[in-house]
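Survey of secondary and tertiary structure
Each chain, letter by letter, is given below.
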Amino acid sequence: MQRTKVTTLLLVTVATTLLGWLVVVGLERRATYLPAVPWIVDVALVGLAAAVFWAGWAVRSYLKGRRPSLDPLRAARTLVLAKAAALTGSLLAGWYLAQVVAVLGDLAIEARRDRAIAAGIAAACALVLAVVGLVVEKFCQLPPEDTEPGNGGRSRAPGDHEPEADAAG
């Protein structure tokens, strides 16, 4: 599995922002206004980021030799969770940025300004989730195996040994 690229996340965020802006503006033209983003969204995003980081820290500790054992399935699930967190954070950051962009022209109105601030804080929390996802993906990366020049660039299997030197020669 390859690590998530930052450019991919940026493209997802930009695309979501553009599409979200179209949705928000379209709704507002029909006199349907989205409510301000509740603060519980911020708490949930930061809590999720903390949980992903905690799971990743266990994998990192094992790889650094500070933890005696780790279930391989747990490590794989942590990697998938980190990937999902990065993509989810990117999508949500785009959605909340779209709400900010949609009200930029009306910041003189207090209710719109409050909505922009709430959506901006939610976008920042979603960005934290995306960054934590990328960091935890890095935590789950295995170190490269040692390769031998005489082995065609392949690494030795753990049970393989050096060929014994010929005593007669």
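So, a few notes on the structure that sits alongside this text. The model shown is predicted, which means the values in this text are computed figures rather than measured ones. (Residues numbered from 1 in each chain as written. Predicted model: local features only at pLDDT ≥ 70, side-chain atom pairs only at ≥ 80, totals over all residues. Heavy atoms only, no water.)

**Digging into the overall build of the chain**
A count of helical and extended segments in the chain gives 4 helices and 0 strands. The proportion of buried residues among the 169 residues of the chain is 32%. For the chain, the share of sequence-separated contacts (at least 6 apart) that also reach a separation of at least 24 residues comes to 75%. Split by element, the accessible area of the chain, about 11,000 Å² in all, is 66% carbon and sulfur. (Helix = DSSP H or I, 4+ residues; strand = E, 2+ residues; numbered from the N terminus. Buried < 20%, exposed > 50% of the residue type's maximum accessible area, 1.4 Å probe, protein only. Contact = heavy atoms within 4.5 Å. Areas by Shrake-Rupley, 256 points an atom, 1.4 Å probe, with all protein chains shown as cover.)

**Quick notes on unusual backbone geometry**
Located in the positive-phi region is Ala 31, a residue other than glycine, with phi close to 65 degrees. Residue position: Ala 31 is located in the loop between α1 (6-29) and α2 (39-63).

**Thoughts on the nonpolar core**
Counting residues in hydrophobic clusters, the biggest one holds 23 residues, and the most contacted among them are Val 37, Leu 45, Tyr 96 and Val 136. Every element with two or more residues in this core is listed here: α2, α3 (72-102) and α4 (110-139). The element best represented in this core is α4, accounting for 10 residues. What Val 136 contacts, discounting residues up to four positions off in sequence, is Val 52, Phe 53, Gly 56, Thr 78 and Ala 82. (Core = buried A, V, L, I, M, F, W, Y, C linked by side-chain atoms within 4.5 Å.)

**Side note on the side chain of Ser 90**
Inspection of the secondary structure assignment puts Ser 90 in helix α3. Here Ser 90 falls in the buried class, since its relative accessible area comes to 2%. Those residues in contact with Ser 90 that lie beyond four places of it in its chain are Leu 9, Val 12, Thr 13 and Ala 130.

**A closer look at a nonpolar patch on the surface**
Among the surface-exposed residues, Leu 19, Trp 21, Leu 22, Val 101, Leu 104 and Leu 107 lie close enough to one another that they form a single nonpolar patch of about 540 Å² accessible area. Sorting elements by how many residues they give to the nonpolar patch places α1 first, with 3 residues. Residue placement: Leu 22 occurs in helix α1. (Patch = residues over 30% accessible without salt bridge, like charges linked within 9 Å, V, L, I, M, F, W, Y side chains within 5 Å. Salt bridge = Lys/Arg side-chain N within 4 Å of Asp/Glu carboxyl O.)

**Some remarks on a positive patch on the surface**
Taken together, the side chains of Arg 3, Lys 64, Arg 66 and Lys 138 present a region of like positive charge at the surface. Looking at the secondary structure, you find Arg 66 in the loop between α2 and α3. (Lys, Arg positive; Asp, Glu negative; His and termini not counted. Charge placed at Lys NZ, Arg CZ, Asp CG, Glu CD.)

**Things to note about the packing of α2 against α3**
Viewed as axis vectors pointing N to C, α2 and α3 meet at an angle of 155 degrees, and their least axial separation amounts to 10 Å. Taken together, the axes of α2 and α3 are roughly antiparallel relative to one another. In the packing of α2 onto α3, the handedness of the crossing is left-handed. Every residue of α3 that contacts α2 at Val 41, Leu 45, Val 52, Trp 54, Ala 55, Gly 56, Ala 58 and Val 59 is listed here: Arg 74, Ala 75, Thr 78, Leu 81, Ala 82, Ala 85, Leu 92 and Tyr 96. Considered class by class, the residues forming the contact of α2 with α3 number 13 nonpolar, 2 polar and 1 charged. (Axes fitted to C-alpha atoms, helices over the stretch in contact; angles between N-to-C directions. Parallel < 35°, antiparallel > 145°, perpendicular 65-115°, else oblique. Left-handed = near helix turned anticlockwise from the far one by under 90°. Nonpolar A, V, L, I, M, F, W, Y, C, P; charged D, E, K, R; others polar.)

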